[in-house]
Amino acid sequence: MSEIRVLDQKIANKIAAGEVVERPYNVVKELVENSLDAGADFIRVDIFDGGIGLVRVTDNGKGILPEDLKNSVLRYSTSKIGSIEDVYRINTFGFRGEALAAISSVSDFKIESKREGFEAYELTVEWGKIGELKPGCCQQGTIVTVKNLFENVPARRKFIKSFSAEQREIVKFLKVFSIINYNVDIEFYSDDKKILSFTKYDSMKDRFIECFGLKDVSYLVDKKDNIELECILTLPGVQRNRKDMIFVGLNNRVIKDFSVMQALIQGYYRKLPQNKYPAAVLSLKVKPEMVDVNVHPTKMNVKFFDDREIFSTVSRAVSNHLGSLKLNESKENYSYDISDDSIKYVVEEKRTVYSVNIDNLFETEEIQNESVNEFKIIGQIFDSVILVEIDSELYFIDQHIAHERVLYEKFISEAEKTSIKIKLVEPVVIEVLEEDKEIIIKNIKNFEKIGFDLEDFGGNFVSVLSVPTSIVHKNIENEFMELINEFHKNKNENLLDSLSITMACKTAIKAGEKLTDYEMKKVVSELFQTKNPFTCPHGRPIIYKMSKEEIFKKFHRL
Ligand code: ADP
Ligand code: MG
């Protein structure tokens, strides 16, 4: 029985299209991730000439069935995904069967593989032209060799810097990858010279120290229902000027996520002076339904269903952990032996780094967690209504309005406490109409309460210093202007209320969106924690109920 299937067009289109490979580093990343997917606990990477000449990845994973070897290099061929639902339930790493197809069309490519109980086979693909399947001779596992990358696409070569720059990028990636996957043996050779060699089952901390030479670190592990977090954090004595040594892993893959990184930095609130950053590797594991990894061609960026939950879990865990280390915050003499000279060890007074009050933020979360009702999700109808059974009643819940209510109450309640917002690295300056400017400046406090910290920039400009976490991935100027337009329309006396309603409506799940079980459960349980789960801020009903009697009567059972 063949394991690899060619995805049908519908699914293929559903997945963001785009190029997978730009540089040798992308080849290495795709290939080692495939090895990991195949269950390998030994991965060896070889490169020549910065990976332009050759990239070879050897693993001891489960290997590919002989009959599947040809499929493996076809576009949209994958053994890891089968239906649209699967796109949202990816439990390995986000795959769309593009990598080998893309790589083998721009290189002199060979894949050799052996599955236990089968003979070894090999297949060559020369610049996209698939050759004949031939008997091979490798051990159990897979060897992929990629030679002369982009020789047939000269335009592509322009992305490639020097051999040494390419090698540096690969080394950096492999270090982070090996810290996140510290239970895998990883070896890296460049031009036949051994550059990295890590033995599995070292602790994450040992790997980190070995990779980055930073010894003053602490290991943090934390597990909530849906989010598992493992992390190596530098102690507050390590104060870097840049964020370039904060790395994030998601479900064993290296990703870039601005808000997770920001959450980690947030965890250092009051521990580091302003504009100083730690070094860290944070490895997150979440349920596949909680994240869409297919929003970016190289899967470097992901979309979390609930940014706020991830954000608060990460910053709380980091903050609690650093707090528990009993570091003397105001005066402490750090004298560490560290090789990276961009790191300075200074004694600093306590200073406020971010405007978020972490303690309040966490209090709110905890209270909510206690009051979860018992309910059973039946499913979703018309992609818009969630069916829930509670006691002897059937609830029809409008998903958009329900989520709107949840978000609205969050904005309002945070207004009384301190809102969750992210301080932007660079303020965004926005031009507004003269009459709007006046209203905005008069309401600066109200904007602050829903997460926007604003400043008068002079002229017809305002600068945005912080934004609510829910819009951090969006175009901030557009979001802000829409907000202004909305509250003109509403002309509500209570401006905070009007802003909160608008923000809630804009960021809530829409009708027509297919939801996963996890998403339904989350919205419903949050709805039941609100003060008024039955009507939305505009006064529309959220829930329509039918009792068991009513239903049974229809069948003349009563
Ligand atoms: P994807 O990883 O998205 O499924 P790829 O193009 O990277 O797509 O790989 C295609 C298929 O080839 C995979 O689904 C897998 O079945 C097989 N494959 C690729 N590399 C390996 C490997 N190192 N070990 C075992 N199987 C592999
Ligand atoms: Mg892959």
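Summarised in this report is the structure supplied together with it. None of the values given here were measured: they were computed from a predicted structure.

1. A closer look at the overall build of the protein
Right, so step 1: Along its length, the protein carries 18 helices and 27 strands.
Right, so step 2: With 558 residues in all, the protein has 54% of them scored as buried.
Right, so step 3: If you take every contact in the protein between residues at least 6 apart in sequence, the share linking residues at least 24 apart comes to 70%.
Right, so step 4: Here the protein displays about 25,900 Å² of accessible surface, and carbon together with sulfur accounts for 48% of that area.

2. A short note on helix 9 (residues 258–267)
Right, so step 1: A large share of helix 9 lies buried, amounting to 9 of its 10 residues.
Right, so step 2: Among all positions in helix 9, only Ser259, Val260, Met261, Gln262, Ala263, Leu264, Ile265, Gln266 and Gly267 are buried.

3. Considering a nonpolar patch on the surface
Right, so step 1: A contiguous nonpolar patch, built from Val429, Phe457 and Phe461 and spanning about 250 Å² of accessible area, is present on the exposed surface.
Right, so step 2: By the secondary structure assignment, phenylalanine 461 is in strand 26 (residues 461–468).
Right, so step 3: Exposure remark for phenylalanine 461: the relative accessible area of 32% places this residue in the partly exposed category.

4. Side note on the pattern of salt bridges
Right, so step 1: Going through the model one piece at a time under the given rule, you end up with 20 salt bridges.
Right, so step 2: Its salt-bridge partner being aspartate 41, residue lysine 200 comes within 2.6 Å of it at the nearest N-O pair. Here lysine 200 is found in the loop between strand 11 (193–198) and helix 8 (204–212), whereas its partner aspartate 41 is found in the loop between helix 2 (24–37) and strand 2 (42–48), with 159 residues between them in sequence.
Right, so step 3: With a closest N to O distance of 3.3 Å, glutamate 526 and lysine 410 form a salt bridge. With glutamate 526 in helix 17 (residues 517–528) and lysine 410 in helix 12 (residues 399–416), the pair connects residues that are 116 residues apart, well separated along the chain.

5. Observations regarding the sheet that holds strand 12 (residues 217–223)
Right, so step 1: Strand order in the open sheet formed by 5 strands is 12-13-17-15-16, with mixed pairing between adjacent strands. Either end of the sheet is taken by a strand with one partner, and the two such strands are strand 12 and strand 16 (253–255). Each adjacent strand pair in this sheet contributes to an overall mean axis angle of 20°, direction not counted.
Right, so step 2: Inspection of the sheet shows strand 12 paired to strand 13 (residues 227–234) by 7 bridges, in the antiparallel sense. Bridge assignment links valine 221 to a residue of strand 13, and that residue is glutamate 230.
Right, so step 3: Contacting strand 15 (246–250), strand 16 and strand 17 (280–286), helix 7 (residues 163–180) crosses the sheet at an angle of about 125° to strand 16.
Right, so step 4: Taken strand by strand, helix 9 contacts strand 13, strand 15 and strand 17, and its axis lies near 125° from that of strand 15.

Conventions and cut-offs
- Residues numbered from 1 in each chain as written.
- Chains lettered and ligands numbered in written order.
- Predicted model: local features only at pLDDT ≥ 70, side-chain atom pairs only at ≥ 80, totals over all residues.
- Heavy atoms only, no water.
- Helix = DSSP H or I, 4+ residues; strand = E, 2+ residues; numbered from the N terminus.
- Buried < 20%, exposed > 50% of the residue type's maximum accessible area, 1.4 Å probe, protein only.
- Contact = heavy atoms within 4.5 Å.
- Areas by Shrake-Rupley, 256 points an atom, 1.4 Å probe, with all protein chains shown as cover.
- Patch = residues over 30% accessible without salt bridge, like charges linked within 9 Å, V, L, I, M, F, W, Y side chains within 5 Å.
- Salt bridge = Lys/Arg side-chain N within 4 Å of Asp/Glu carboxyl O.
- Pairing = 2+ DSSP bridges.
- Axes fitted to C-alpha atoms, helices over the stretch in contact; angles between N-to-C directions.

Everything listed is a geometric property; what it means functionally is a separate question.
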